[in-house]
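An overview of the molecular structure
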Amino acid sequence: MVLKLTAVPAMASLLRAAAPGLFSWRGYCSRGLQGELSKGFVESLKAIVGSPHVSTAVAVREHHGQDESIHRCQPPDAVVWPQNVDQVSRLAALCYGQGVPIIPFGTGTGLEGGVCAVQGGVCINLTHMDRITELNTEDFSVVVEPGVTRKALNAHLRNSGLWFTVDPGADASICGMVATGASGTNSVRYGTIRDNVVNLEVVLPDGRLLHTAGQGRHFRKSAAGYNLTGLFVGSEGTLGLITSATLRLHPVPEATVAATCAFPSVQAAVDSTVQILQAAVPVARIEFLDDVTMDACNRHSKLSCAVAPTLFLEFHGSEQALAEQVQHTEAITQQNGASHFSWAKESEERNQLWAARHNAWYALLALSPGCKGYSTDVCVPISRLPEILVQTKEELKTSGLQGGIVGHVGDGNFHCILLVNPDDDEEHHRVRAFTKKLGRRALALHGTCTGEHGIGLGKRQLLQEEIGAVGMETMRQLKVMLDPRSLMNPGKVL
Ligand SMILES: Cc1cc2nc3c(=O)[nH]c(=O)nc-3n(C[C@H](O)[C@H](O)[C@H](O)COP(=O)(O)OP(=O)(O)OC[C@H]3O[C@@H](n4cnc5c(N)ncnc54)[C@H](O)[C@@H]3O)c2cc1C
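Structure report, in brief. (Residues numbered from 1 in each chain as written. Predicted model: local features only at pLDDT ≥ 70, side-chain atom pairs only at ≥ 80, totals over all residues. Heavy atoms only, no water.)

Helix and strand counts for the chain come out as 16 helices and 18 strands. The globule rule puts the C-alpha radius of gyration for 494 residues at 23 Å, and the 23 Å found for the chain is close to it. Overall, the C-alpha framework of the chain stretches about 75 × 55 × 45 Å when taken along its three principal axes. The buried share among the 494 residues of the chain stands at 55%. Long-range contacts, defined here as pairs at least 24 residues apart, represent 70% of the contacts in the chain between residues at least 6 apart. Charge separation in the chain, taken as the distance between the mean sites of 42 positive and 47 negative side-chain charges, equals 7 Å. (Helix = DSSP H or I, 4+ residues; strand = E, 2+ residues; numbered from the N terminus. Rg over C-alpha atoms; globule rule 2.2 N^0.38 Å. Buried < 20%, exposed > 50% of the residue type's maximum accessible area, 1.4 Å probe, protein only. Contact = heavy atoms within 4.5 Å. Lys, Arg positive; Asp, Glu negative; His and termini not counted. Charge placed at Lys NZ, Arg CZ, Asp CG, Glu CD.)

The next subject is the packing of helix α14 (residues 385–398) against helix α15 (residues 425–444). Running from amino to carboxyl end, α14 crosses α15 at an angle of 165°, the nearest separation of the two axes being 11 Å. Of the possible angle classes, the one that applies to α14 and α15 is roughly antiparallel. Classified by chirality, the crossing of α15 by α14 is right-handed. Across from Ile388, Gln391, Thr392, Glu395 and Leu396 in α14, the residues of α15 making contact are Phe434, Lys437, Leu438, Arg441 and Ala442. Its residues assigned to classes, the contact of α14 with α15 shows five nonpolar, two polar and three charged. (Axes fitted to C-alpha atoms, helices over the stretch in contact; angles between N-to-C directions. Parallel < 35°, antiparallel > 145°, perpendicular 65-115°, else oblique. Left-handed = near helix turned anticlockwise from the far one by under 90°. Nonpolar A, V, L, I, M, F, W, Y, C, P; charged D, E, K, R; others polar.)

Around the ligand sit 36 residues in total, of which Pro104, Thr107, Thr109, Ser173 and Ser183 are the nearest. Note that a nitrogen atom of the ligand is positioned 2.7 Å from one of the backbone N or O atoms of Ser183. Note that an oxygen atom of the ligand is positioned 3.4 Å from one of the side-chain N or O atoms of His408. Protein burial of the ligand: of its 970 Å² of free accessible surface, 97% is covered by the chains. Elements with a minimum of two residues in the shell around the ligand: β3 (102–105), α6 (174–180), β10 (241–248) and α13 (360–365). Grouping the constituent residues of the shell around the ligand by class yields 17 nonpolar, 16 polar and three charged. (Near = heavy atom within 4 Å. Polar contact = N/O pair within 3.5 Å; in protein donor to acceptor, adjacent residues only side chain to side chain. Areas by Shrake-Rupley, 256 points an atom, 1.4 Å probe, with all protein chains shown as cover.)

With that settled, consider the nonpolar core. Membership of the largest hydrophobic core comes to 40 residues, with the highest contact counts inside it found for Leu311, Ile388, Leu389 and Phe414. Mapped by element, the contributors of at least two residues to this core are β12 (255–262), α9 (266–278), β13 (285–289), β14 (310–317), α11 (319–335), α14, β18 (413–420) and α15. Element by element, the count of residues in this core is highest for α9, at five residues. Sequence-distant contacts of Phe414, that is, excluding residues within four places in its chain, are made with Thr376, Asp377, Val378, Leu385, Ile388, Leu389, Thr392, Ile405, Val406, Gly407, His408 and Leu438. Counting 29 residues, the second-largest nonpolar core is a separate cluster that includes Leu153, Val178, Ala182 and Leu482. (Core = buried A, V, L, I, M, F, W, Y, C linked by side-chain atoms within 4.5 Å.)

This is the structure in structure tokens:
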């Protein structure tokens, strides 16, 4: 059955009130009463990308309607795999013209329900667009299509003397990382994705193509007009589809050394972090893992580290610079009672250490098979980190919730990774309450509710508290200007 609601506004508002998840104000000539897409519309999708690249199968739709979070999500009505930007543009124009929601999909590793199709619609999976289209070694820049993952990019760069530094724990798509404002363990030295994006190609909701810094440009700095590139970093698929990113690369350091050391308390570990940064040691990575997480990592990654609050560190530079950095850091950490120093100079040993850190999420999940994970993501000014981390650890212990703490502490950002039984509503409720309370504590310390995972579905209330009424209104106006029919990833962020 096919119905055009705009032609019967009174009936439309009745139906909207009865089933707000299925209907919005726009025309639904392409979707039936149950929200499913009409046959003709699916045929139009196939005409753009070819039949093998469109699926309405339940299993495929369900896979695309959820990410790695505990958000209970809804599947899209169809999934399409465009092969090039022209197809993305035509898909967007088709969906927009017909009033069908559009949900961009990278690798689905997001942690805030970003790919959930709250109003149904078409999921545009960008993984088939995975070419590295340009490498400018002399300019330290590279241009990638949206499906290139961070590991694939670094594998491609292996013999170039350059590397891409942003490394979230998962092997996420680069444009998914841009869309969520991602960062990782190297951000303390090399910046987040926000600092490493130079230009973006974006398909706007109506199909027009935007180059945020001008087509083909890859300068190191610019003062030309509004920062459109920055607008799309962290836009979570709500303003357009990112179809190409020009990224900044960094030279591979001459020498690298990594270390772990254990502390008598959370306070001692975090105090050391603040002191190392205050002493201007150019540490490349400084990550915190609490005792619960260390225990989980020992089991999962076959390590034999002390089960105690621990810092994972890495230093980059010349041999001489490294010696100085290491000496300075050792002095600071030892003053704070550090022990069990373990140094890793060979790349295999270092890789093993950082693989264990990146797998901390899975190590914690393995403690309670069948449970799903939820990660908090607050970030505070570095001077406030010791107080919030110590308090949070105490609260986690007494909350009755199971989980550990990991942190990109050099950035003032940390996560409580909480284990949740998917069938236990009461536990879900307690996790949400814990998350909200922690978010508000970070706001009270002049921090943010999300350092890197984004707002998605779960943090919309906290966003309002964080940026205030005028900030929200400005964001809404930007959204309306770029997406007047509210079809780009509806229900997220705002
Ligand atoms: C084990 C684990 C560890 C993690 N560690 C980190 C970490 O250290 N730091 C960190 O920042 N994150 C981390 N994450 C979260 C996740 O990896 C990031 O949020 C990542 O950036 C998501 O990328 P994705 O390609 O999987 O995006 P998806 O999950 O597919 O999508 C996320 C959001 O981006 C939108 N989107 C995706 N692609 C595009 C596009 N091309 N154009 C427009 N919108 C798009 C989607 O609509 C959605 O709203 C971790 C996740 C896991 C599972």
